[in-house]
Amino acid sequence: MTDQTAQAPEVELYGALKDKEPPKEPRSQWRDVWDQFRKHKGALIGGGFLLFITLAILIGPLIWTVDAKQLDIRNKDMRPIYTALWDSTARVSWVKPLGSDNLGRDILATLLAGGRASMAVGWTAMLLALSIGTAIGVCAGYFRRLDGPLMRFTDLFLSLPILPLLLVAVTLFRQPLRANFGPETGMFILIVGVIGITSWMQTARIVRGEILALKEREFILAARSIGTTPAKIIRRHLLPNVISPIMVSATLGLATAIITESALSFLGVGFPSDFPTWGKLLSDAVPRMEDFPERVMLPGILISLTVLSVNYLGDGLRDALDPRIRGR
Amino acid sequence: MKLRTLLMGAVATSAVATVAVADGHAGERGRDGQLNIIYWQAPSTLNPFLSGGTKENEAASLVLESLARFNENGEMVPWLAESIPTVENGGVAEDLTSITWTLKEGVVWSDGSAFTADDLIFTHEYCTHPESGCASVSYFDGITSVEAEGERGVKITFDAPKPFPYTAFVGAEAPILQKAQFQECLGARAPECTDANFGPIGTGPFVVSEFRPNDVITYVANENYREEGKPAFASITFKGGGDAVAAARSVLETGEFDYAWNLQLAPDVLDRMEAAGKGTVVAAYGTSVERLHLNQTNPDPALGPDMRSVFMNGENAHPFLTDPKVGQALSMAIDRQLIVDVGYGAGGQPTCNVLPAPELYASTANDGCLVQDIEGANALLDEAGWVDSNGNGIRDKDGVELSVLYQTSTNAVRQDTQALIKDWWRQIGVETELRNVDASVFFGGDPGSPDTFQKFYADIEMYTNNFAGVDPEAYMANWLCSDIPTPATQWQGSNIQRFCTPEYDELVEKMSVTANLEERGELAKQMNDMIMQSYSIIPLVHRGNPSAHANSLGGVKMSDWDSELWNIADWYRIKN
């Protein structure tokens, strides 16, 4: 009996140290990120749209198998099928759901093919710019001796006017690249390369700033005091902490690359004239804007929406990746 | 002094008299203020001898003048000469070996100095200097001497009878330079005289006040212009650059500019803009032919600058375009009528000749090309041994693939044409890579740029060319072996496709000594046919040349035989 009464408070004592409810299941960092990200409606819609566009341009040509370069003079100047809703006299046909241009090329097919080119240029140029920018930013921020030269180098690039530089680069490198990789791949490498090496500077500056602040923090001091090598400090402690600004500049970089490619196509110095990209579709359609507004609107809307959704996505990611904002 | 005042008075009265009968737009010089002209290809120099380009010739034609010009009907009008010399009035020698012009009285340069025979003598010397790379040298072919005769006479002597002696100092391509300004700029030093090349002193109605290469030129009225009350405009802004659509819109829809040149736009686009009611599209049919040039030399980039597209007496021949069968197949595959329908409308008609007009000179021997024949083209290539032996869809022979790089200037109509032609060539097993170059660069003539039409670093290129004036002799002399652009001539020269046969050179020679018009027509046809049957040129469209002017601009008389701005001294503002 006494044993029993003596035991009861003992149980209570241990019980006070235990949770009254069953413990929550453990949460990973990425789960927190996702929860925060989900709260950002714009980011969610943007991400969804980007996914949709990417899938459409990757899988679309397998379903809509019309060749984007195929001329079909008899079916030229068709309007999109929806025009029939308000204009019963318009030339429409289910064969060309989004209409055809003045040489009879199918607009849906050219949009899909153009999207492939534009997105490929955008992603590749962005990744290139990102890796250059991050490398330079981290080196400049972490190694004091490199800071001056690298930042002056960045200033040098910042002061280069991009379009004239591009024109010169196209003149100089078009031939050798074309000879080695063929006209379209050669031009792709050239455009991606030039956009990449002229748009890394913002990333480098942002990353350098963050690194400068981070490397004075205690956890870096602690890491250094136990003899961690600079390479490991950068990889384990610094890079994970600057991931959020890098993500943001990545999304901005993707948008800029798509727009720069459009500008180049618009000026007629990009890909060959029969190679569709969104920018080129847009510029080709401008003279007939009044009669066939959809030829300007469709690629224009696609460019704008893609860029916008990428920006929203970046915004949401930034919020989600920053532990200080998370949860608010 | 007394005599001079008297003369001035006489000139003034006669001018007033003529102006008074004109339709109510007379008045003092500069009364109509500002005129805005847009040429969407910007001129890079104002010295027409250093550039073969139309834009440079036309921009310079406001300043530099010649002895005679061609009006809208292709007739010669005496300009700095008192009259057109002929055999009948004794100006041309009976044996056709010399012509004597009489300079108009009272003509002065815009700096006030007198215009004399010395300037003509100097211009001849300037352009025929062996190191100058003068673009208009063919206009001075066969001239042995230019000399002053009497007070205002200039005698031009030829080495042989010259049945059409109105080439040198006639039209926009061969105007007269001022000796005092250019005498230090002979030969290889010609391109170095920047001040003179950018601001030539002339006798024309306007004077250059500022020249920004490849951008804007501003002119003001020439105070020393020989005709009282002309020009009506006090200043001109001559804007270069942009593209044809923007230029057309600026005249036809927004009215910012008064005159826009060379609006090669799709017919539906131009019609709709004109409907805005601000301006009018005018077109002149001359001798313009949109054509393909097939490079007869090897443009392989691996060859390096000394050999690439350089003519070396047949040693550096193109791997397949020198075979007329290939050229013929390329030509047969093209549906010219469709190109006209898509890109030219009323501004063009299909043609099979590089010399489509005047009628006397137009051949009918090649008209078979008007019908597209893809099957025939395929059969022709099969027969010539070009077959697809490796199954990649492209015909080949001895390891050479029928794969061409096809370049032209950036222009929506040309890019549409390129797309159409590429599609037809695909159907006959020829692979085509398209390329377009900004028009200012393509036609810029800069020897340092790899993208000019003269350098021809491509297999096939497309553009329009024509000749000013009505006699095709100088034009047909374009394809002499000696006129091939090479590094030695600073890439100047008009034989763009590098065509060279001794027979053709002989015909050119023969034409230069034939006076009878009928015979000249026959010779021109023969030469045309010779080039056509070599298939080094594939003509596509005989083009009318559309320009647009504001409805408030009067006096425009478009001539395709000379500079479009040939009579700008007579332009005026219509007042409502």
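Being a predicted model, the structure only gives us computed values, none of them experimental. (Residues numbered from 1 in each chain as written. Chains lettered and ligands numbered in written order. Predicted model: local features only at pLDDT ≥ 70, side-chain atom pairs only at ≥ 80, totals over all residues. Heavy atoms only, no water.)

On to the packing of aromatic side chains. Residues and elements named next belong to chain B. A full pass over the atoms with the stated rule returns 32 aromatic pairs over all chains. Geometrically, the ring pair formed by tyrosine 39 and tryptophan 261 is stacked, given 4.5 Å between the ring centres and 5° between the ring planes. Pair noted here: tyrosine 39 is in strand S1 (residues 34–39) and tryptophan 261 is in the loop between strand S10 (259–260) and helix H7 (267–274), with a separation of 222 residues, a long-range link. Between tryptophan 79 and tryptophan 566 the ring centres are 5.8 Å apart and the planes differ by 50°, which places this aromatic pair in the tilted class. In this pair, tryptophan 79 sits in the loop between strand S3 (76–78) and strand S4 (98–102) while tryptophan 566 sits in the loop between strand S19 (553–554) and strand S20 (572–573), placing the two residues 487 residues apart along the sequence. When sorted by exposure, tryptophan 79 lands in the same class as tryptophan 566, which is buried. By the ring-pair criterion, three or more aromatic residues cluster together here, those being Phe49, Phe122, Tyr126, Phe140, Phe169 and Phe182. (Phe/Tyr/Trp six-rings, centres within 6.5 Å; stacked < 30°, edge-to-face > 60°. Helix = DSSP H or I, 4+ residues; strand = E, 2+ residues; numbered from the N terminus. Buried < 20%, exposed > 50% of the residue type's maximum accessible area, 1.4 Å probe, protein only.)

This part is about a nonpolar patch on the surface. Residues A:Leu51, A:Leu55, A:Leu58, A:Ile59, A:Leu62 and A:Ile63 make up a contiguous nonpolar surface patch of roughly 640 Å² in combined accessible area. Positionally, A:Leu62 belongs in helix H3 (residues 41–63). (Patch = residues over 30% accessible without salt bridge, like charges linked within 9 Å, V, L, I, M, F, W, Y side chains within 5 Å. Areas by Shrake-Rupley, 256 points an atom, 1.4 Å probe, with all protein chains shown as cover. Salt bridge = Lys/Arg side-chain N within 4 Å of Asp/Glu carboxyl O.)

So, about a negative patch on the surface. On the surface, B:Asp141, B:Asp159, B:Glu503, B:Glu506 and B:Glu509 cluster together into a patch of negative charge. Residue placement: B:Glu509 occurs in helix H14 (residues 502–511). (Lys, Arg positive; Asp, Glu negative; His and termini not counted. Charge placed at Lys NZ, Arg CZ, Asp CG, Glu CD.)

Turning our attention to the sheet that holds S4(B). All names here are of chain B. Reading across from one edge, S4-S6-S5 is the order of the 3 strands in this open sheet, with antiparallel pairing throughout. Of all strands in the sheet, those bounded by a partner on one side alone are S4 and strand S5 (143–149). Put simply, the sheet's adjacent strands are angled 15° from each other on average, direction ignored. In terms of strand pairing, S5 meets strand S6 (residues 153–158) through 6 bridges, oriented antiparallel. Paired with glutamate 149 across the two strands is glycine 153, which belongs to S6. (Pairing = 2+ DSSP bridges. Axes fitted to C-alpha atoms, helices over the stretch in contact; angles between N-to-C directions.)

Our focus in this paragraph is the environment of B:Pro85. Residue and element names in this part refer to chain B. As for its position among the elements, proline 85 is in the loop between S3 and S4. On the basis of relative accessibility, which here comes to 4%, the residue proline 85 falls in the buried class. Separated by 302 residues in the primary sequence, proline 85 and valine 387 have C-alpha atoms spaced 59 Å apart. Not counting residues within four places of it along the chain, the set of residues in contact with proline 85 comprises Gly91, Val92, Ile99, Thr100, Trp101 and Tyr166. (Contact = heavy atoms within 4.5 Å.)

For the rest of this paragraph, the subject is the confidence of the model for chain B. Residue and element names in this part refer to chain B. Of the residues in chain B, 95% have a pLDDT of 70 or more, and the chain-wide mean is 86. Mean pLDDT across the elements of chain B bottoms out in helix H1 (residues 2–21) (43) and peaks in strand S7 (residues 206–211) (94). For residues 1–22, every residue scores under 50 in pLDDT, and the model assigns this stretch 5 contacts once sequence neighbours within four places are set aside. Two numbers describe this predicted complex: its pTM, 0.71, and its ipTM, 0.70. (pLDDT = per-residue confidence, 0-100.)

Looking now at the nonpolar core. Residues B:Trp101, B:Tyr219, B:Leu292, B:Leu330, B:Trp425 and B:Ile428 are the most contacted members of the largest nonpolar core, which totals 138 residues. When neighbours within four sequence positions are excluded, B:Trp101 is seen to be in contact with B:Leu67, B:Ala68, B:Ala81, B:Ser83, B:Ile84, B:Pro85, B:Arg152, B:Gly153, B:Val154, B:Ile156, B:Tyr166 and B:Val170. A:Leu111, A:Ile233, A:Leu281 and A:Leu302 belong to the second largest nonpolar core, which has 38 residues in total. (Core = buried A, V, L, I, M, F, W, Y, C linked by side-chain atoms within 4.5 Å.)

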